[in-house]
Amino acid sequence: MPELPEVEVTRRRIEPLLVGRRIAKVGTTKPSYFFLTPPKRLARELRGAVVRSLERRGKYLLAHLAGGRQLLLHLGMTGQLFAAGATSVRLFSAERRASLRPEDQPGFVPDRHTHLRLEFDDGGPAIFFRDVRKFGKVRLLEPGQSDPRLDLLGVDALEVTGAQLFAATRGRKVAVKSVLLAQDVVAGVGNIYADEALFLAHVRPTRSAGKLTRAEAEALAKALHQVLLRSIETGGSSISDYVAPDGSDGAYQDERRVYARAGEPCSVCGTKLRRTVIGARSTVFCPSCQR
DNA sequence: ACCGCACCCTGAGCGC
DNA sequence: TGCGCTCAGGGTGCGG
């Protein structure tokens, strides 16, 4: 589940592998929910394109192409963006993993989940976009064209202030966690980092957003920055599918305090962590530390 | 305006 | 070596 840190780590590591190279050939799978721009058109239009820079907005990646066009990417739930030569068992199905011997270090071979393959005229490593569940997205934007998904994004979670969180939550009855997940107030936070930040800020995820105090809003902004920056430092969280562009795992999952730890003792007070569901998302909190 | 929920998708894990 | 079921969840869209 790539969230801001995983997307940012991907951006930092794949940008140097992408910028300045001319796309010579594009491979795609067949039309699906994944392709906001139909795959045939995408392949045709990307041929000859050169990427100038790679930007992150919330959980979106935006590749700026020479000439002003932009390629919009979202990794969804299970998206993996990586370079040829990457090796990781996360790039294979369980079935394929089971047939591998421990000493095997198989290179990646595009499979039916590899929806985008970019080859370059320099003959160097290709770039792949693989996404098993197809919740990811790819769209080509013409010069000056905007996308409603980007236009609706709130303040980037690394920049958000307590004052902004406080103002945006006034009059809102929904659970504070729902506000964090919605992307229109704060962009980039998903299920893992919402739970982690709320834990650090001592705020119970179910709390009505409008009841946050100024101090709690400040604490929450600070906790978001702390959790997200630390995760970026450690390479993101590799819990199920996420791998960096070289195939390596992140390490933040080892520092998780609450996410997917229901039933375990709280790392601060020892109370058994409790699970609930908010907006159809599994949610874990410490009933003692978070009020 | 706001809120809750169904839906898009596939694979892992589990009970029988 | 099966089969059916549930769960996982980012983002969108719809009905109340």
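None of the values given here were measured: they were computed from a predicted structure.

Trainee: Can you lay out the sheet that holds strand β7 (residues 127–131) for me, pointing to particular residues and giving the numbers?
Mentor: Taken in spatial order, the four strands line up as β1-β6-β7-β5 in an open sheet, and their pairing is antiparallel. In the strand order of this sheet, the two ends are held by β1 (23–28) and β5 (79–83), each with one partner. Each adjacent strand pair in this sheet contributes to an overall mean axis angle of 10°, direction not counted. Here β1 pairs with strand β6 (residues 114–120) via five bridges, running antiparallel. When the sheet's bridge partners are listed, Val26 is paired in β6 with Leu118. Contacting β5, β6 and β7, helix α1 (residues 4–18) runs over the sheet at an angle of about 40° to β5.

Trainee: Can you tell me about the pattern of salt bridges, naming the residues and giving the values?
Mentor: Applying the stated criterion across every chain, the model contains 17 salt bridges. With its nearest N and O atoms 2.8 Å apart, the salt bridge here joins Arg12 to Glu8. With a gap of four residues between them, Arg12 and Glu8 both fall in helix α1, about one helical turn apart. On the basis of relative accessible area, Glu8 is assigned to the buried category, the value being 7%.

Trainee: If you had to explain the packing of helix α5 (residues 162–169) against helix α8 (residues 214–233) to someone new, which residues and values would you point to?
Mentor: The N-to-C vectors of α5 and α8 enclose an angle of 125°; their axes lie 7 Å apart at closest approach. Here α8 runs oblique to α5, going by the angle between their axes. Crossing angle aside, the handedness with which α5 passes α8 is right-handed. For the pair α5 and α8, contact is made by Gly162, Ala163, Leu165 and Phe166 and by Arg214, Ala217, Glu218, Leu220, Ala221 and Leu224, respectively.

Procedures and definitions
Residues numbered from 1 in each chain as written. Chains lettered and ligands numbered in written order. Predicted model: local features only at pLDDT ≥ 70, side-chain atom pairs only at ≥ 80, totals over all residues. Heavy atoms only, no water. Pairing = 2+ DSSP bridges. Helix = DSSP H or I, 4+ residues; strand = E, 2+ residues; numbered from the N terminus. Axes fitted to C-alpha atoms, helices over the stretch in contact; angles between N-to-C directions. Contact = heavy atoms within 4.5 Å. Salt bridge = Lys/Arg side-chain N within 4 Å of Asp/Glu carboxyl O. Buried < 20%, exposed > 50% of the residue type's maximum accessible area, 1.4 Å probe, protein only. Parallel < 35°, antiparallel > 145°, perpendicular 65-115°, else oblique. Left-handed = near helix turned anticlockwise from the far one by under 90°.

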